[in-house]
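Topology and contacts: notes
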Amino acid sequence: MKKVMLSAAFAALISLTTAQAQTADSTQANTTAQPTQAAPAGDVTQAIGASGYNASLATAIKTTGLEETLKGAGPFTVFAPSDQAFASVPAGDSLLTQQPKLTAALKNHIVSGKYTKDDIIKALTAGKGVATLNTIEGGTVTLKVNENKNLELSDAFGNKALVTVFDVEGTNGTVHVINNVLIPKQ
């Protein structure tokens, strides 16, 4: 029974391979046909800036000095909070005002290695429904298909996010847009 449920969850995730969110800011991954993407025109920082979903993240990457890291050889996988995700961080949260906290938070969204949607599906299959990836900050993000058949990330602090857009390609990695900022607890 459990094997059948896992197979159904993987089948649902695989069926999303040609889909993307109608809006990267929704809390549910409503999908429509994904446009064919041209070959990557630049590194992951340029892919983030050109995505149309991540202007706030692009600014934060520059502010924290992570741009130089992400322009490196990589490869990297960036779980990129959307503009709406940044907008929903409470105004008084020190994430927005303290550069060290913002830097640590952003590093917990970056994984060494390139994990496209197909690679994530393989990792979930190998992990029997769960995949854990190490971030460049030294933390982990855990991936699973949730009850609504969306790819869900969680971190060690209990933060969760859904992937709303997959495989925004850069020359040194890939970017997946998510609908929440994973903020480390102090």
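Note that the structure is a prediction, hence the values are computed from the model and not measured.

**Here we look at the pattern of salt bridges**
With the rule as written, the count across this model stands at 4 salt bridges. In this structure, Glu 169 engages Lys 114 in a salt bridge whose closest nitrogen and oxygen atoms are separated by 2.9 Å. Taken together, the positions of Glu 169 in strand β8 (residues 160-170) and Lys 114 in the loop between β4 (110-112) and α7 (117-126) put the pair 55 residues apart, joining distant regions of the chain. Residue Glu 152 is joined to Lys 160 by a salt bridge in which the shortest nitrogen-to-oxygen separation is 4.0 Å. Relative accessible area serves as the criterion here: at 10%, Glu 152 is assigned to the buried category. Residue classification places Lys 160 among the partly exposed positions, given a relative accessible area of 46%. Connected via shared salt-bridge partners are Lys 144, Glu 152 and Lys 160.

**Description of the packing of aromatic side chains**
The full count for this structure, using the stated rule, is 0 aromatic pairs. The side chain of Lys 117 reaches across the aromatic face of Phe 166, ending 4.0 Å from its centre.

**Observations regarding helix α3 (residues 55-64)**
Every α-helix carries 3.6 residues per turn, so stepping three or four residues along brings you back to the same face. Taken as a whole, α3 has its buried residues at Leu 57, Ala 58, Ala 60, Ile 61 and Thr 64. Here the buried residues of α3 occupy an arc of 165 degrees about the axis, which is enough to place them on one side. The elements touched by buried residues of α3 are α2 (44-50), α4 (66-70), β3 (76-81), α5 (83-87) and α6 (99-107). Gly 65 lies just past α3 and shows a positive phi near 80 degrees.

**Side note on the nonpolar core**
In this structure, Ile 48, Leu 57, Ile 61, Leu 70, Val 78, Leu 106 and Val 175 are the most contacted members of the largest nonpolar core, which totals 24 residues. Elements that contribute at least two residues to this core include exactly α2, α3, α4, β3, α5, α6, β8 and β9 (173-178). With near-sequence residues (within four places) excluded, Val 78 lies in contact with Val 44, Ile 48, Leu 57, Leu 70, His 109, Ile 110, Thr 174, Val 175 and His 176. Judged by nonpolar contacts, the second largest core, of 16 residues, contains Val 145, Leu 151, Leu 153 and Leu 182.

**Things to note about the environment of Gly 52**
Its location among the elements puts Gly 52 in the loop between α2 and α3. Gly 52 sits 30 residues away from Ser 82 along the chain, and the two C-alpha atoms are 9.1 Å apart.

**A word on the confidence of the model for the protein**
In this model, the protein carries an average pLDDT of 81, and 75% of its residues clear a pLDDT of 70 or more. The low-confidence segment residues 1-36 (pLDDT under 50) makes 62 contacts with residues lying over four places distant or belonging to another chain.

**Some points on the sheet that holds strand β5 (residues 130-134)**
Taken in spatial order, the 7 strands line up as β4-β3-β9-β8-β7-β6-β5 in an open sheet, and their pairing is mixed. The outermost strands of the open sheet, each flanked by one partner alone, are β4 and β5. Shown here is a sheet whose adjacent strand axes are inclined to one another by a mean of 30 degrees, direction ignored. As defined by bridge partners, β3 adjoins β9 across 6 bridges and the pair is classed as parallel. Looking at β9, one finds that Phe 76 is bridged to Gly 173.

**Quick word on the pairing of β8**
Across the 11 residues that make up β8, a large majority, 9, are buried. Here strand β7 (residues 151-155) pairs with β8 via 3 bridges, running antiparallel. Within β8, the residue paired with Glu 152 across the bridge is Leu 162. Joining the antiparallel neighbours β7 and β8 is a turn of 4 residues, in which Gly 158 adopts a positive phi near 90 degrees. In this structure, β8 lies alongside β9, joined through 5 bridges in antiparallel fashion. Residue pairing across strands places Gly 170 opposite Gly 173, the latter belonging to β9. The antiparallel pairing of β8 with β9 creates a hairpin that spans 2 residues between the two strands.

About the criteria used
- Residues numbered from 1 in each chain as written.
- Predicted model: local features only at pLDDT ≥ 70, side-chain atom pairs only at ≥ 80, totals over all residues.
- Heavy atoms only, no water.
- Salt bridge = Lys/Arg side-chain N within 4 Å of Asp/Glu carboxyl O.
- Helix = DSSP H or I, 4+ residues; strand = E, 2+ residues; numbered from the N terminus.
- Buried < 20%, exposed > 50% of the residue type's maximum accessible area, 1.4 Å probe, protein only.
- Phe/Tyr/Trp six-rings, centres within 6.5 Å; stacked < 30°, edge-to-face > 60°.
- Lys NZ or Arg CZ within 6 Å of the ring centre and 35° of its normal.
- Arc of directions from axis to C-beta.
- Contact = heavy atoms within 4.5 Å.
- Core = buried A, V, L, I, M, F, W, Y, C linked by side-chain atoms within 4.5 Å.
- pLDDT = per-residue confidence, 0-100.
- Pairing = 2+ DSSP bridges.
- Axes fitted to C-alpha atoms, helices over the stretch in contact; angles between N-to-C directions.

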